[in-house]
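Here is what each chain is made of, one letter per residue.
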Amino acid sequence: MIIKKANPCGFCSGVKGAITKVINLIEDQNIEKPLYILGYLVHNRFINDALKAKKIKVITEEDIFQIKKGTIILTAHGTPKKTINLIKSLKLNLIDATCPKVKHIHKQIEKYLKDDYQVLFLGVKNHPETKAITNNYNVSLITLDDLSFPKEKSKLVLISQSTLSYLDYQDVYEKLTLLGHNITKAETICNATYERQKAIIDAKDADLVIVVGDPLSNNTKMLAFVAKKYNNVDSIRIENIEDLNNYDLSKYQNILVTAGASTPSAIINEVLDILQNTFDKKPYKSLLNLEDYLKF
Ligand code: SF4
């Protein structure tokens, strides 16, 4: 059996930047404590558990009113402006860990709205990135399951969430064009997402793709989806090596291991190490600790 690691896979620059920012804040004596994160910094429970162990609390918008002192960190996915204004009005400290690629999408939307376009935003309903965008801007949300929207303007532009499948973006663009819409393309899927999906699509010899990542992570979900839909191979999603105890992999000859942009390197390496060296020794057991998840 051949076990290969997809290249690239795992942490992207946005996730590394967000984690680095938070670690620096923990160590910075000039930053008012406690530290709070408004939602999950990134979509990976191991990282969030490691941050909790460093006394960082995850809060919701309702919790903001109870906070008397400290610093609130905004997550990599972006935050509605009304929430930011609320934090400012309560005179609480604010640190923005939004990924620059997500900020770029906000800027693109602003630019097209200013040029009098109707912005069609292709996103995942209720994902924090989509929520921030639909709260901040007058966009028409469309999803892969529902491409309908009321046409209000003659100029249309198609913008997408950073972590969708780039092939689906193209499919949606073509479908809308076939329906008679004249649409400007402004693909905003981030490079990290594109490269991780492309590495799967190029791995034509794999008969199984194992995707390591959190169930909440959209880019992780997309990797498994791309493998099935565009390469027509089996794919399995796991959070860490222990989830593989539930599968019989013996029927596969050529396994590709990949991971979402918020999956710690330590988890990916442990999966590869066990599959390559002690494949026959079930049950698989993770030996990682909380500190391992924050390393890159
Ligand atoms: S996946 Fe893309 S948008 Fe999300 S944090 Fe990474 S670089 Fe930023």
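Residues numbered from 1 in each chain as written. Predicted model: local features only at pLDDT ≥ 70, side-chain atom pairs only at ≥ 80, totals over all residues.

(A) Quick peek at the overall build of the chain. Secondary structure assignment for the chain yields 9 helices and 12 strands. Structurally, the chain occupies a C-alpha span of about 60 × 55 × 25 Å along its principal axes. The burial tally for the chain puts 38% of its 296 residues in the buried class. Across the chain, contacts joining residues at least 24 apart in sequence account for 75% of those joining residues at least 6 apart. (Helix = DSSP H or I, 4+ residues; strand = E, 2+ residues; numbered from the N terminus. Buried ≥ 20, exposed ≤ 12 C-beta atoms within 10 Å, placed from the backbone. Contact = placed C-beta atoms within 7 Å.)

(B) How the structure looks around the site of the ligand. Residues in close proximity to the ligand total 15 residues, the closest being Cys-12, Gly-14, Cys-99, Ser-162 and Cys-190. The biggest single contributor to the shell around the ligand is helix 1 (residues 13-27), with 3 residues. Each residue belonging to the shell around the ligand can be placed in one class, and the counts come to 8 nonpolar, 6 polar and 1 charged. (Near = placed C-beta within 6 Å. Nonpolar A, V, L, I, M, F, W, Y, C, P; charged D, E, K, R; others polar.)

(C) Inspection of the environment of Leu-158 at higher detail. When you line up the elements, Leu-158 lands in strand 8 (residues 156-160). Leu-158 gets classed as buried once you count the C-beta atoms within 10 Å, which come to 21. Residues Leu-158 and Ile-142, 16 residues apart in the sequence, show an inter-C-alpha distance of 9.6 Å. Every residue in contact with Leu-158, bar those within four places of it in the chain, is listed here: Leu-120, Leu-122, Val-172, Tyr-173, Leu-176, Ile-183, Lys-185 and Ala-186.

(D) Summary view of helix 4 (residues 100-114). Its 15 residues place the ends of helix 4 21 Å apart at the C-alpha level, agreeing with the 21 Å of an ideal helix rising 1.5 Å per residue. Within helix 4 the residues assigned to the buried category are Val-102, Ile-105, Ile-109 and Tyr-112. Seen along its axis, helix 4 keeps its buried residues to an arc of 80°; they face one direction. Exposed side of helix 4, more than 90 degrees from the buried face: Pro-100, Lys-107 and Lys-114 are the residues found there. Along its buried surface, helix 4 packs onto strand 6 (118-122), helix 5 (128-136) and strand 8. (Expected span 1.5 Å × (residues − 1). Arc of directions from axis to C-beta.)

(E) Structural view of the nonpolar core. Counting residues in each nonpolar core, the largest one holds 74 residues, and the members touching the most others are Ala-18, Leu-41, Ile-73, Val-119, Val-209, Val-212 and Val-257. Residue contributions to this core peak at 6 residues, all from helix 8 (residues 218-231). Those residues in contact with Val-257, other than ones at most four positions away along the chain, are Ile-3, Lys-5, Ala-6, Ile-210, Val-212, Ile-268, Val-271 and Leu-272. (Core = buried A, V, L, I, M, F, W, Y, C linked by C-beta atoms within 7 Å.)

(F) Region of interest: the packing of helix 7 (residues 191-201) against helix 8. Remark: helix 7 packs on helix 8, axes separated minimally by 9 Å, with the N-to-C direction vectors making an angle of 30°. As for the relative orientation of helix 7 and helix 8, their crossing is right-handed in sense. Note on element contacts: helix 8 touches helix 7 through Asn-219, Met-222, Leu-223, Val-226, Ala-227, Tyr-230 and Asn-231, opposite Thr-193, Arg-196, Gln-197, Ile-200 and Ile-201. Looking at the contact of helix 7 with helix 8, its residues break down into 7 nonpolar, 4 polar and 1 charged. (Axes fitted to C-alpha atoms, helices over the stretch in contact; angles between N-to-C directions. Left-handed = near helix turned anticlockwise from the far one by under 90°.)

(G) Layout of the domain arrangement of the chain. The assigned domain composition of the chain is domain 1 (2-11 + 192-294), domain 2 (13-98) and domain 3 (101-189). Computed over C-alpha atoms only, the centres of domain 1 and domain 2 are separated by 29 Å. The class makeup of the residues in the side of domain 1 that touches domain 2 is 9 nonpolar, 3 polar and 2 charged. (Domains from an automatic or database assignment.)

(H) How the structure looks around the sheet that holds strand 5 (residues 93-96). With parallel pairing, the 4 strands of this open sheet are ordered in space as 3-2-4-5. Of all the strands in the sheet, just strand 3 (57-59) and strand 5 have a single pairing partner and so form its edges. Across the sheet, the mean angle from the axis of one strand to that of its neighbour is 30°, orientation sign disregarded. For strand 2 (residues 35-38) and strand 4 (residues 71-74), the ladder comprises 4 bridges, and the chain directions are parallel. Its bridge partner being in strand 4, Tyr-36 is matched across the sheet by Ile-72. (Pairing = 2+ DSSP bridges.)

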